[in-house]
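In case you want the letters, here they are:
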Amino acid sequence: MLTTTGWTAVYRPSGEASPREAAFASWAGSSFAGRALPAAAAPAATVARFFAALDGAQRARLAEGHPLVVGNLDGVPPTVRYRANRMALQQAARSEEARAHDVTLAPADRVTAARRAHRFESLAEPGRQILTFDPTGGALVAEVFGDLGEARRISVIVPGVDTDALTFERTERRLTAPVGMAESLYGAERAAAPGGRTAVIAWAGYIAPTGVGMDAATGRLAVDGAVRLRSLASGLPGRASVALFCHSYGSVVCGLAAHELPDRVTDIVVAGSPGMRAGTAAELDTSARVWAMRDSGDWIADVPHLEFGGLGHGADPVSAEFGARVLSAAGAKSHTGYFEPGTESLDNFAKIGTGAFGSTVCATPDDTCQRGTSRTDGP
């Protein structure tokens, strides 16, 4: 149940239940308006039907009574999740602030607690649209830019290694963090299609590897991340088409999720990919268009593109043999520059995010990446 709903416990004070565990126990033992609450592992469609039968006041009461559950249930209306997660963030910030002043903790732990308190307070600021928040472990977070309920096209940023609540946004090197990536893509989409109704999600909703170590070389964490990504895509509101923009290890997550993604996911775009755990794009078994790009100076090109004994992530997605639509990433400047304004990588992302597939710039002059598309192709 905990896997399918995207919750994982990493840290728990001795003798205490984690906030998530306590939240689940409370939810499982509760009812509302004489009705049983849907199971926390229920499909998004089941959750959506339950909340559709409630009025605004009832939804607000559930969010206030069970913020850590309601804020993370795929199928709950986005505005209800935003409300629940704001309350959960405020509660978590107070808890971390108390830990920051707890003299029984090691100095390093107090410093980390203070940093987490500051980050949670920032995420809870009015106007921010937090779609996911789980404070356990490194903390899982997702933030929406734009009107998710009214969007006709939704873009999801799936980041790579070293992603958690503390690295979710950065002041320096802003565009290497999920929030900066999403803000940059949302701005580029609005510039490319001023009248288009788009939304972008910065999705740090899985436990990412720390550093380029053993976890980054295997698919273990990506398997769990793929389950969560499929749940997110299935639970998004409305009928908007969805494009996934998967950077670095995030492309491993997208590759493992591909065969079970809903049909509304029309495009999977990988940048700086170590592989997608597949030998060819056809092996991903998805109806989505598969796009790939890599900057000429990206060090990921030197990573062996193979899989043996669980190590490595398979074929190179930009190779001709893989069969993806290979896009230009000119100007990206190495592994972390794909979302920089003025690059062909960001321009291509925006064109895919707005449906202007026939305007993409391919990596080769023959325009083969545009095959079967038009300037305004797709749903």
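So, here is what we can say about the structure in this document. Not measured: the values here are computed from a predicted model.

### Concerning the state of the cysteines
For the coordinates displayed, the defined rule picks out 2 disulfides. A disulfide bridge connects C246 with C254, and the sulfur atoms are separated by 2.1 Å. Disulfide C246-C254: torsion about the S-S bond near -90 degrees, hence left-handed. You'll find C246 and C254 in the same group, each marked buried. Disulfide pairing is shown between C362 and C369; the S-S distance is 1.9 Å. Looking down the S-S bond of the C362 and C369 bridge, the torsion is -85 degrees, so its handedness is left-handed. Neither residue differs from the other here; C362 and C369 are each classed as buried. If you count the bonded cysteines of the protein chain from the N-terminus, they pair up as 1-2, 3-4.

### Remarks on the environment of A33
Of note, A33 is situated in the loop between β1 (31-32) and β2 (35-36). Expressed as a C-alpha distance, the spacing of A33 and Q58, which sit 25 residues apart in the sequence, is 8.6 Å.

### Considerations on the pattern of salt bridges
Scanning the entire structure with this criterion turns up 15 salt bridges. R228 is paired through a salt bridge with D224; the nearest N and O atoms lie 2.5 Å apart. Within this pair, R228 and its partner D224 are both found in helix α9 (residues 220-235), separated by 4 residues, close to a single helical turn. Judged by relative accessible area, D224 falls into the buried class, the value being 18%. Among the charged side chains, a network of salt bridges with common partners joins R119, R128, E143 and E169.

### Overview of the side chain of D295
With respect to the helices and strands, D295 occurs in the loop between β9 (289-293) and β10 (325-326). Nearest to the buried, unbridged D295 among oppositely charged side chains is R294, at 8.5 Å. A distance of 2.8 Å separates a polar atom in the side chain of D295 from the backbone nitrogen of S334. Beyond its immediate chain neighbours, meaning those up to four positions away, D295 contacts A329, G331, A332, K333, S334 and Y338.

### Overview of the side chain of T373
Mapping T373 onto the fold places it in the segment after α11 (344-354). Among the polar contacts made by the side chain of T373, one reaches the main-chain carbonyl oxygen of Q370 at a distance of 2.5 Å. Those residues in contact with T373, other than ones at most four positions away along the chain, are R289, R325, F357 and G358.

### Topic: the packing of aromatic side chains
Evaluation of the coordinates by the stated rule reveals 6 aromatic pairs. Relative to F51, the ring of F50 has its centre 5.6 Å away and its plane inclined at 75 degrees; by these criteria the two rings are edge-to-face. In this pair, the class of F50 matches that of F51, namely buried. Pairing W203 with Y206 gives two aromatic rings, centres 5.8 Å apart and planes at 20 degrees, and the pair type is stacked. For the pair W203 and Y206, a shared accessibility class is recorded, and that class is buried. Here the aromatic cluster, defined as three or more aromatic residues joined through ring pairs, consists of F245, F339 and F349. A cation over an aromatic ring shows up here: R289 above the ring of F357, its NZ or CZ 4.1 Å from the ring centre. A cation sits over an aromatic face here: R325 above W291, 5.4 Å from the ring centre.

Each value, and the rule that gives it
- Throughout, a residue's number is its position along its own chain's written sequence, starting from 1.
- With pLDDT at 70 or above as the cut-off, local features in this predicted model cover only qualifying residues; side-chain atom pairs require 80 or more to be listed or tallied, and sums for whole chains, interfaces and linings still use all residues.
- Side-chain measures were taken over the full set of non-hydrogen atoms in the model, leaving aside hydrogen atoms and water.
- Two cysteine sulfurs form what is called a disulfide whenever their separation falls within 2.5 Å.
- Burial classes: relative accessible area under 20% of the type maximum marks a residue as buried, over 50% as exposed, and values in between as partly exposed (1.4 Å probe, protein chains only).
- Runs of H or I in DSSP of at least four residues are treated as helices and runs of E of at least two as strands, each being numbered from the N terminus.
- Only one rule defines a salt bridge in this text: a Lys or Arg side-chain nitrogen within 4 Å of an Asp or Glu carboxyl oxygen.
- This count recognises Lys and Arg as positive and Asp and Glu as negative, with His and chain-terminal groups excluded.
- Distance and chemistry together define a polar contact, namely a pair of N or O atoms within 3.5 Å, with one atom able to donate a hydrogen and the other to accept it when in protein, and with adjacent residues in sequence counting only for side-chain atoms on both sides.
- Here, two residues are considered to be in contact whenever any of their heavy atoms come within 4.5 Å of each other.
- Under the pairing criterion, centres of Phe, Tyr and Trp rings, with the six-membered ring standing for Trp, must be within 6.5 Å; the plane angle then separates stacked pairs below 30 degrees from edge-to-face pairs above 60, leaving the rest tilted.
- Geometrically, a charge over a ring is one whose NZ (Lys) or CZ (Arg) sits within 6 Å of the ring centre while staying within 35 degrees of the ring normal.

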